[in-house]
Amino acid sequence: MSTQANKTKIDLDIRPFSKAPLGAEVRGIDLSKPLSKETQATVYKSFLKHQLLVFRDQKLTKQEQVEFSKQFGELERHTLRNRGQEDEPLVHVVSNLGPDGKPTGKVNSDMWHTDKSFRPLPSMATILHAQVLPPNGGDTCFANMYAAYEALSESEKETLDDVKVVHSWELSRENIGRVMSEEEKRDAPTNAWPLARVHPETGRKALFMGMHASHIEGRPLEEGRAKIIALEEHATQQKFCHRHTWQSGDVLMWDNRCLLHRADPNFDASLHPRILHRTCLRGTTPA
Ligand SMILES: [Fe+2]
């Protein structure tokens, strides 16, 4: 019973969060090394089952994070403004630092969203690795869109059939007070996706919206926007949510096809740096 396969089974310790509607902690794994096929399969199965995996005590270089990510899919490039640094353009450095290297007081991505939902192939997974954390706070919050969809009444679900939402990077930037350049607009045109999408691997339906969700296709802008806001209020109730309190060395991997997430600016962002390394894996056409 000393084969590598059995050793992997014994060493990989996956603990679902008992009081949360999503998520599991994974121990007994070093993400800086290539994973065996069996471990990859176990990790991916757990990712589909729990939607969010938390790996503790990791220490990955940017290149190692890229190599880890590539084991689960194709890496997605980032938007023009978020493009990684020259040493590794596929790693987006999430940070509250300004060009002078000092904390700006601003925390990006603090509204509920699913990564790159405006893309022709929105992200299937995001992998985020803590680099520098504030002494407290700077949490990342998650909401389970399977659970939010399943909690709707049958008649409410029916009203969502065939409804498509226009996802717009331009509009979501406008909402945070930034006007995009023409080059940025060309880089990220809008796309319309089902409001209730079918997860391509689990077959379960999940609400698909968030801060890039602009309005409902074919309906007046204000009416559609109001519907999306009301659904988001429903979908982000406490009972559907989990709050991740970061620890040094944490790596998170989550499923963008069935979760919303946001950064919580619950720390003094003008005083403390918060830096994380992000990779995204390309998904499929939402249907
Ligand atoms: Fe995000």
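A. Up close: the side chain of His 50. Within the element layout of this structure, His 50 appears in helix H2 (residues 37-50). For His 50, a relative accessible area of 11% gives the class buried. Among all residues touching His 50, those that are not within four sequence positions of it are Ile 14, Pro 16, Leu 22, Gly 23 and Ala 24.

B. Spotlight on the coordination of the iron ion. Surrounding the iron ion are the protein donor atoms His 113 (NE2), Asp 115 (OD) and His 261 (NE2), at 2.1 to 2.2 Å. Using a relative accessible area of 4% as the deciding quantity, one classes His 113 as buried.

C. Representation of the sheet that holds strand S8 (residues 191-194) in the model. Across the sheet, three strands lie side by side as S8-S7-S11; this open sheet has antiparallel pairing. Taken across any chain shown, the strands that pair with only one partner, and hence form the sheet edges, are S8 and strand S11 (213-216). Across the sheet, the mean angle from the axis of one strand to that of its neighbour is 35°, orientation sign disregarded. Two strands pair when backbone bridges link them, and strand S7 (residues 164-167) and S11 are joined in this way by three bridges, in the antiparallel orientation. Paired with Val 166 across the two strands is His 215, which belongs to S11. Across the sheet, helix H8 (residues 221-235) is in contact with S7 and S11; its angle to S11 comes to roughly 120°.

The rules behind each value
- Residues numbered from 1 in each chain as written.
- Predicted model: local features only at pLDDT ≥ 70, side-chain atom pairs only at ≥ 80, totals over all residues.
- Heavy atoms only, no water.
- Helix = DSSP H or I, 4+ residues; strand = E, 2+ residues; numbered from the N terminus.
- Buried < 20%, exposed > 50% of the residue type's maximum accessible area, 1.4 Å probe, protein only.
- Contact = heavy atoms within 4.5 Å.
- Donors = N, O, S within 2.8 Å, 3.2 Å for Na, K, Ca; no water.
- Pairing = 2+ DSSP bridges.
- Axes fitted to C-alpha atoms, helices over the stretch in contact; angles between N-to-C directions.

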